[in-house]
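Report on the structure
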Amino acid sequence: MVADTEVAFESSSSKTENFSSSPLLLFSSSPRLLFSSSPLPAIVLHLLITLPLAYVLNVWSDESSTLFSTGRGVSDAFYNVFANEKQAPLYFLLLSLWRGLNGSIFFARGLSILCGALAIWFFAGLARKFFDRRGAFLLTAFFALHPFLIWASLEIRLYSLVVLLTVMLLRFFADAYLTDDDANGRKRREILYLLTAVAGLYTNYYLGFVLVGNFAALLVLRRWTAARRYFLGMIVVGAAILPLLWMIKLQLAGGAASVQAPRRLAEGIRLIWNSGLNFVLPTELFPPENITTVSYVRVWAVRLLIPVAAFLLFKKRRALDPFLFAFGTIAAVVAGFLLVAYFLLGDIYVEIRHAAVLFPPLVLTAALVLRSLFGRRGEDLRRGEEEKRRRGDGSYSGDEISPESGALVAQKEISFEASSSKTKNLSSSPLLLFSSSPLLLFSSSLLLLFAYSIHSLYPEMAKRGDWGRVAEYIEQREKPGQPIVVFTVFDALNLPYHYRGQNRILPDERFFDWGFEGKLGGAEAIAEENEFAISKIPLDAPEIWLATGERCRTTNACALLENFVEANYTIIEEKDFYKERVRLLRKK
C-alpha cells in the first residue's frame, strides 16, 4: 500500500538540478561519473546505428504509403491523411513540410531519427529523477540502443514521434504534477504538459491512454489536489481535440467493420504480453510463425522470474518506492486500453508498433522493479545518511524512505558537496549495488540480445519486399513492353521509389481501397483485390513481370491470381527476395 502522505519532487535550484539528485540515492560529483550525466553518448551510439541503416534500407509498403501521402505539399497531405491514412494528422503534416527541404528517402527517415534522438534526451532527464548518475546513464543507454527505438527511428511513420511524445508526457507530468513549489512555476509546467497532450492526440489517438494512466498515478499516490488540477486540464485538452472526434469515429467504424479473426481475451492478452516482453527483454520484435530457441528460453526465464520477483517485492513492500506504484499504474492502464482497442478494432491495431505508447513507461517500471529488488533497503540507506551527517562527510539532498509507511518524506533542499571516495560507494547502476562482474556479464548479455534482435529486423539488410534489389534485378533484365504487375495492390506503392527502368508499374490506382473480405489466409480473404489486379494486366503484352509478396506463398489469399497465371502464362525466370518473389511470365 502507498501511504497517505503525498509524494513530492523537490523543486531544484540550478545548482542542484545539475547534479540531478535521485529520490533514493546519494551520488558524487567525481569526474569519473560526470561523463555519465550527459545523454549525448547514448544519442551518438543511437545515431551510429540508425544513420547508416537509414541510408541503405529500402522502403516497404507502410513507408511508401507515407511518402505517397506527403509528397505533394501540405494541403494534399492534409487531404490524404483523412482519405487514405485515416489517422491523426500532425505527423504527416510535419513530414510534408520536412520533405519540402529534401525529397529523398534518407531525409524522410531523418525526421524519425531526430525524434528518436530527442526521445533519448528527454528520457535521460526523466531517468535522472529516479536514479543516480550512473544508473540514469545506463538506463538511458538501454533505451537508446533498444531495438524497438532503433526500428521506430528507421520507419517513415509516426512511431518515433509517438515514443518522443510519450516520454515528454511522462517527463512533464513529473515536473508539473509531482512537484510542490511556487504556483507560478508549476503553472508554466502544467501549460507545457497540456500543450504536449494536445500535440500527442493530434499525432496518435493511443497517446490518450498515457493521459488516463497519468491521472490514475495521481490517484494511486493520493495526490488529490494535483489530481483535481489535472482533471480540469484534461477538460481543456478535450475541447482542443473536438475537431478530431469525427475522424476517430470513422476509424473505429472502419476497424470494427473489417473482417478479422474472432476476438478472444486470451489472444488479446497474448499480443500485449508479447509486446511488453519485447520492450523489457527483446528478441524478435516481429516473431516468426514458429518460436525460435532464443525466444523460447527468454519467455520461460521471464515466466519463472515473475513469481520470484513478486514474492521479493511483497517482502520489501514497506520500503518500496511509491513511484514504482505510480509508473506501474501508468503501464498497466496503457496495457488495459490496448486490450480494449483489440476488442474494438482487432489484432491488426494492437501490434507492437501500435504499442509504442507502452514502451517508455514499461521500461521505466521494469527499472524501478529491479532497483527495488537489488537496491538498498530504505532503512539501510537512511541509517547510512544519518551516520554520514554525524561524521560531517557531506550533507544529504533528496528524499528518504520511511520503512514503516513506504512513503517518501520530502526534505528541504540542501546543497550537495563534492564527495569523498567513501561517497562513491553509494553510486550505483539502475540495477543497483551489483558487483562489477555480474553487471558486466548482464550488460554484455543484453548487448548480444540487442544485436540479435536488430539482426532479426533486417536479416538481409533489407525491409520487407527488398524493393531496392527487386528494382535492380528487373532493370538489368527487362525489355521494352514488359509491364510490371505487383500484388498486393498496396505493395505497388513500393517499387516506384526504387525503380528507374522503362516499363509501367501496375496497378497504378486504388492503393488504399482494399480490406479483408473473408477468413484470413483463405482464397476469399482478398478475392476482389485479386480480380482487380487481374483486370489491370495488359492482355496484349506478350511478357510481363509479376512481383508477389510472402502472403501469396504462405496462404491461399492469392489463389485467384495464381490460377490465372497458371492458365495463361509460362514462367521464364524466377527469383526470390526477402519476402518477395519476382517472375518473368510469357503468354501461352
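These lines cover the structure that appears in this document, whether it is placed above or below. (Residues numbered from 1 in each chain as written. Predicted model: local features only at pLDDT ≥ 70, side-chain atom pairs only at ≥ 80, totals over all residues. Heavy atoms only, no water.)

**Focus on the overall build of the protein**
Scanning the protein from N- to C-terminus turns up 25 helices and seven strands. For the protein, the proportion of its 588 residues judged to be buried stands at 53%. Accessible surface for the protein amounts to roughly 26,000 Å². Of this, 62% is attributable to carbon and sulfur atoms. (Helix = DSSP H or I, 4+ residues; strand = E, 2+ residues; numbered from the N terminus. Buried < 20%, exposed > 50% of the residue type's maximum accessible area, 1.4 Å probe, protein only. Areas by Shrake-Rupley, 256 points an atom, 1.4 Å probe, with all protein chains shown as cover.)

**Here we look at the pattern of salt bridges**
Pairs may arise between side chains of opposite charge once their charged atoms sit close together. Counted according to the given criterion, the structure contains 26 salt bridges. In this structure, Lys-129 and Asp-175 form a salt bridge, with 2.8 Å as the shortest nitrogen-oxygen distance. Of this pair, Lys-129 sits in the loop between helix H7 (105-127) and helix H8 (133-145) while Asp-175 sits in helix H10 (residues 159-177); the two residues are 46 residues apart in sequence, bridging distant segments of the chain. Between Arg-371 and Asp-321 there is a salt bridge, with the nearest N and O atoms lying 2.4 Å from each other. Here the residue Arg-371 occupies a position in helix H18 (residues 359-374), and Asp-321 occupies one in the loop between helix H16 (293-315) and helix H17 (322-345), the gap between them amounting to 50 residues. Residue classification places Asp-321 among the buried positions, given a relative accessible area of 2%. Residues joined by salt bridges that share partners form a network here, namely Glu-63, Arg-109, Glu-155 and Lys-463. (Salt bridge = Lys/Arg side-chain N within 4 Å of Asp/Glu carboxyl O.)

**Some points on the state of the cysteines**
Using the criterion set out here, one finds one disulfide in the structure. Each disulfide pairs two cysteine sulfurs, and for Cys-552 the partner residue is Cys-558, the sulfurs being separated by 1.9 Å. Classification of the bridge connecting Cys-552 and Cys-558 rests on its S-S torsion, roughly -70°, and on that basis the disulfide is left-handed. For Cys-552, a relative accessible area of 13% puts it in the buried group. (Disulfide = S-S within 2.5 Å.)

**A closer look at the packing of aromatic side chains**
As enumerated under the stated definition, the model contains 34 aromatic pairs in all. Consider the rings of Phe-123 and Phe-143, whose centres lie 4.2 Å apart with planes at 5°: the pair is stacked. Placement of Phe-123 in helix H7 and of Phe-143 in helix H8 is noted, with a sequence separation of 20 residues between them. Judged by relative accessible area, which is 1%, Phe-123 ranks as buried. Here Phe-215 and Tyr-230 contribute two aromatic rings whose centre-to-centre distance is 5.9 Å and whose plane-to-plane angle is 25°, an arrangement assigned as stacked. With Phe-215 in helix H12 (residues 207-220) and Tyr-230 in helix H13 (residues 224-240), this residue pair connects regions lying 15 residues apart in the sequence. (Phe/Tyr/Trp six-rings, centres within 6.5 Å; stacked < 30°, edge-to-face > 60°.)

**Looking at the pairing of strand E5 (residues 543-549)**
The buried count for E5 comes to seven of seven residues, which makes it a mostly enclosed element. Burial along E5 is two-sided: Glu-543, Trp-545, Ala-547 and Gly-549 and Ile-544, Leu-546 and Thr-548, pointing in opposite directions, are all buried. Note that strand E3 (residues 484-487) and E5 share four bridges and pair parallel. Counted as the bridge partner of Ile-484 is Trp-545 from E5. Where E5 and strand E7 (residues 580-587) come together, seven bridges link them in antiparallel fashion. Paired with Gly-549 across the strands is Glu-580, a residue of E7. (Pairing = 2+ DSSP bridges.)

**Thoughts on the packing of helix H6 (residues 90-99) against H7**
Each pair of packed helices can be summarised by the angle the axes make with each other and by the distance between the axes. Two numbers describe how H6 lies on H7: the axes approach to 9 Å, and their chain directions differ by 125°. Viewed along their axes, H6 and H7 adopt a mutual orientation that is oblique. Along this stretch, H6 crosses H7, giving a crossing that reads as right-handed. Here Tyr-91, Leu-94, Leu-95, Trp-98 and Arg-99 of H6 come into contact with H7, specifically with Phe-107, Ala-108, Gly-110, Leu-111, Ser-112 and Leu-114. (Axes fitted to C-alpha atoms, helices over the stretch in contact; angles between N-to-C directions. Parallel < 35°, antiparallel > 145°, perpendicular 65-115°, else oblique. Left-handed = near helix turned anticlockwise from the far one by under 90°. Contact = heavy atoms within 4.5 Å.)

**Comments concerning the sheet that holds E5**
Here we have five strands laid out as an open sheet, ordered E4-E3-E5-E7-E6, and mixed in their pairing. Pairing within the sheet leaves two strands with one partner each, and these edge strands are strand E4 (505-506) and strand E6 (569-577). Sheet topology places E3 next to E4; two bridges connect them, and they run parallel. Bridging from a neighbouring strand, Ile-484 pairs with Ile-505 of E4. Helix H25 (residues 559-568) rests against E3, E5, E6 and E7 of the sheet, and its axis sits at about 130° to E6.

**Some thoughts on the nonpolar core**
By size, the foremost hydrophobic cluster in this structure holds 114 residues, and its most contacted members are Phe-143, Phe-148, Val-163, Tyr-177, Tyr-193 and Leu-211. Broken down by element, the residue count for this core peaks at 15 residues, all from H10. Residues contacting Tyr-177, with those up to four places away along its chain left out, are Glu-190, Tyr-193, Leu-194, Leu-218, Arg-223, Ala-226, Arg-229 and Tyr-230. In this structure, Ala-492, Ala-533, Ile-544 and Leu-585 belong to the second largest nonpolar core, which totals 38 residues. (Core = buried A, V, L, I, M, F, W, Y, C linked by side-chain atoms within 4.5 Å.)

**Side note on a nonpolar patch on the surface**
A grouping of Leu-51, Tyr-55, Val-56, Phe-106 and Met-461 is seen on the molecular surface, where their side chains present a nonpolar patch of about 500 Å² in accessible area. Residue contributions to the nonpolar patch peak at three residues, all from helix H3 (residues 40-56). Tracing the chain through its elements places Leu-51 in helix H3. Owing to a relative accessible area of 36%, Leu-51 belongs among the partly exposed residues under this scheme. (Patch = residues over 30% accessible without salt bridge, like charges linked within 9 Å, V, L, I, M, F, W, Y side chains within 5 Å.)

**Describing the environment of Ile-120**
Here Ile-120 is to be found in helix H7. For Ile-120 and Val-163, which are 43 residues apart along the polypeptide, the C-alpha to C-alpha distance reads 9.6 Å. Apart from residues lying up to four places away in sequence, Ile-120 is in contact with Pro-39, Ala-42, Ile-43, His-46, Thr-140, Phe-143, Ala-144 and Leu-149.

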